[in-house]
Amino acid sequence: MRRVTRIAASGIASAALALSVAACGSTSEQKAQDDASSSASGAKGGVKVGVAYDVGGRGDHSFNDSAARGIDKAKKQFGGSVKELTAKTTDTEADRLDRLSQLAQAGYNPVVGIGYAYANSMKQAAAKFPNTTFGIVDSSVDAKNVDSIVFTEAESSYLGGVAAALKTKSDQVGFIGGVDVPLIKKFQAGYVQGVHDTNPKIKVDVQYLSHGSDTSGFASPDKGKAAAQGMLDKGADVIFAAAGSSGSGSIEAVHGKKGAWAIGVDSDQYNQPSLSQYKSSILTSVVKNVDVGVYDLVKSVHDKKPLTGTNTYSLAKDGVSLTYSGGYIDDIKSKIDAAKQSIIDGKVKVKTTP
């Protein structure tokens, strides 16, 4: 299910060279990088896009796949080439910096880091390669050549909570977070608030699959399945998992219980081919349009007007949303629309911490 980049011996040698040259900080390095960057657009106007995925990579049915759709759209529209590398759960800061540096040194521009874990390494890489435009999803990096692509995920999670509260029959729902970090706590906060604003009597079970620097919670479907099964056994009948590819395990567990519902995340998981056997149990998905943010960045570089600074994709701008695939929440659409408008109008302030 996880796509892993294959690195040949020559690739390893190139990476080692990139690190040794970067350590020198020489004028010749910058000239070489400048030359590579200037050729990145290609003779036919295409762009060379370097992508550093988070753990799980392309094929996670969720966060990374959303970014991949933006990359694919840009390549189809503008031409050029794409180089994709994928994080490991054992990555160190040096590994992440090496990954970004490899891409920039090879002339890829823009270089996009998919996930908050690249924040510190991207700040260093942006300083080393000032003529490369970098992009980071789900974090803000203060650098002149970085596009920080962020989302108001708590807002769409709130709508997911409204849907869960209106669909539960047991008055007990669940939230599974991949890793116990501030980003995922935004999903939790919005979801729980949406549930309780709709019906304060509903119990919300919360469980995280890993903590801190251990990112395995984003790439462990077995852990997601076990956590969901535990919640189902205790009476929960709607479970929202914000856990990358681990969420597929949660969806599988929910599918095994009659009358239970799963809420997908980041991508419209009802329409994921690899999850098609479970689609009758996917109530809705809390979507974060990473593809839009990534596409916007690539287009801006193609147009020679690179985006930088912090660009926020909100509910009001359709940067985040709730899906209606399957028609399972069509009957409560008016209530969800009312909640959405209340957020947009500022009548409801959605929490970003539990």
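Before reading further, recall that the structure is shown in the block above.
Computed from a predicted model, the values in this text were never measured in an experiment.

K.L.:
What am I meant to see in the overall build of the chain here?
P.N.:
Scanning the chain from terminus to terminus reveals 11 helices and 12 strands. Each of the 354 residues in the chain was classed as buried or not, and the buried ones make up 55%. Look at the contacts in the chain between residues 6 or more apart in sequence, and 71% of them connect residues 24 or more apart. A total accessible area of about 14600 Å² is found for the chain, and carbon and sulfur atoms account for 52% of it.

K.L.:
Explanation requested: the side chain of arginine 96 in the structure shown.
P.N.:
Note that arginine 96 resides in helix 4 (residues 93-105). A polar contact of 3.1 Å, which involves the side chain of arginine 96, links it to the backbone oxygen of alanine 117. In this structure arginine 96 touches Asp91, Ala117, Tyr118 and Ser121, once residues within four positions along its chain are discounted.

K.L.:
How should the sheet that holds strand 5 (residues 146-151) be read in this particular structure?
P.N.:
The strands making up a sheet associate through backbone hydrogen bonding, with each pair oriented either parallel or antiparallel. On the basis of which strands lie adjacent, the open sheet formed by 6 strands has the order 2-1-3-4-5-11 and parallel pairing. Taken across any chain shown, the strands that pair with only one partner, and hence form the sheet edges, are strand 2 (80-86) and strand 11 (309-313). The sheet shows a mean angle of 20° between the axes of neighbouring strands, direction not considered. Sheet topology places strand 5 next to strand 11; 5 bridges connect them, and they run parallel. Looking at the pairing, valine 150 lines up with threonine 312 of strand 11.

K.L.:
When you look at helix 6 (residues 153-167) in this model, what are you seeing that I'm missing?
P.N.:
Each full turn of the α-helix corresponds to 3.6 residues, which orients residues three or four apart in the same direction. With 15 residues, helix 6 ought to run about 21 Å at 1.5 Å a step, and its terminal C-alpha atoms sit 21 Å apart, in line with that. Where burial is concerned, most of helix 6 is hidden: 14 out of the 15 residues are buried.

K.L.:
Would you take a moment to explain the sheet that holds strand 6 (residues 172-180) for this structure?
P.N.:
Taken in spatial order, the 6 strands line up as 7-6-8-9-10-12 in an open sheet, and their pairing is mixed. Edge positions in the sheet fall to strand 7 (203-211) and strand 12 (320-322), since each has one partner strand and no second. Each strand axis lies, on average, 15° off the axis of its neighbour in the sheet, ignoring direction. Relative to strand 10 (residues 282-288), strand 9 (residues 261-266) is paired through 5 bridges, and the arrangement is parallel. Pairing of isoleucine 263 across the sheet is with threonine 284, part of strand 10.

K.L.:
Any chance you could explain the packing of aromatic side chains here in plain terms?
P.N.:
Applying the stated rule across the entire model yields 9 aromatic pairs. With 4.9 Å between their ring centres and 45° between their planes, tryptophan 261 and tyrosine 328 make a pair best called tilted. Taken together, the positions of tryptophan 261 in strand 9 and tyrosine 328 in the loop between strand 12 and helix 11 (333-344) put the pair 67 residues apart, joining distant regions of the chain. On the accessibility criterion, tyrosine 328 (22% relative accessible area) is partly exposed. Taken together through their ring pairs, the aromatic side chains of Phe175, Phe187, Tyr191, Tyr208 and Phe240 make up a single cluster. Just above the ring of tyrosine 108 sits the side chain of lysine 48; from NZ or CZ to the centre is 4.6 Å. Across the ring face of tyrosine 324, the terminal group of lysine 333 is positioned such that the distance to the ring centre comes to 5.5 Å.

Rules used throughout
Residues numbered from 1 in each chain as written. Predicted model: local features only at pLDDT ≥ 70, side-chain atom pairs only at ≥ 80, totals over all residues. Heavy atoms only, no water. Helix = DSSP H or I, 4+ residues; strand = E, 2+ residues; numbered from the N terminus. Buried < 20%, exposed > 50% of the residue type's maximum accessible area, 1.4 Å probe, protein only. Contact = heavy atoms within 4.5 Å. Areas by Shrake-Rupley, 256 points an atom, 1.4 Å probe, with all protein chains shown as cover. Polar contact = N/O pair within 3.5 Å; in protein donor to acceptor, adjacent residues only side chain to side chain. Pairing = 2+ DSSP bridges. Axes fitted to C-alpha atoms, helices over the stretch in contact; angles between N-to-C directions. Expected span 1.5 Å × (residues − 1). Phe/Tyr/Trp six-rings, centres within 6.5 Å; stacked < 30°, edge-to-face > 60°. Lys NZ or Arg CZ within 6 Å of the ring centre and 35° of its normal.

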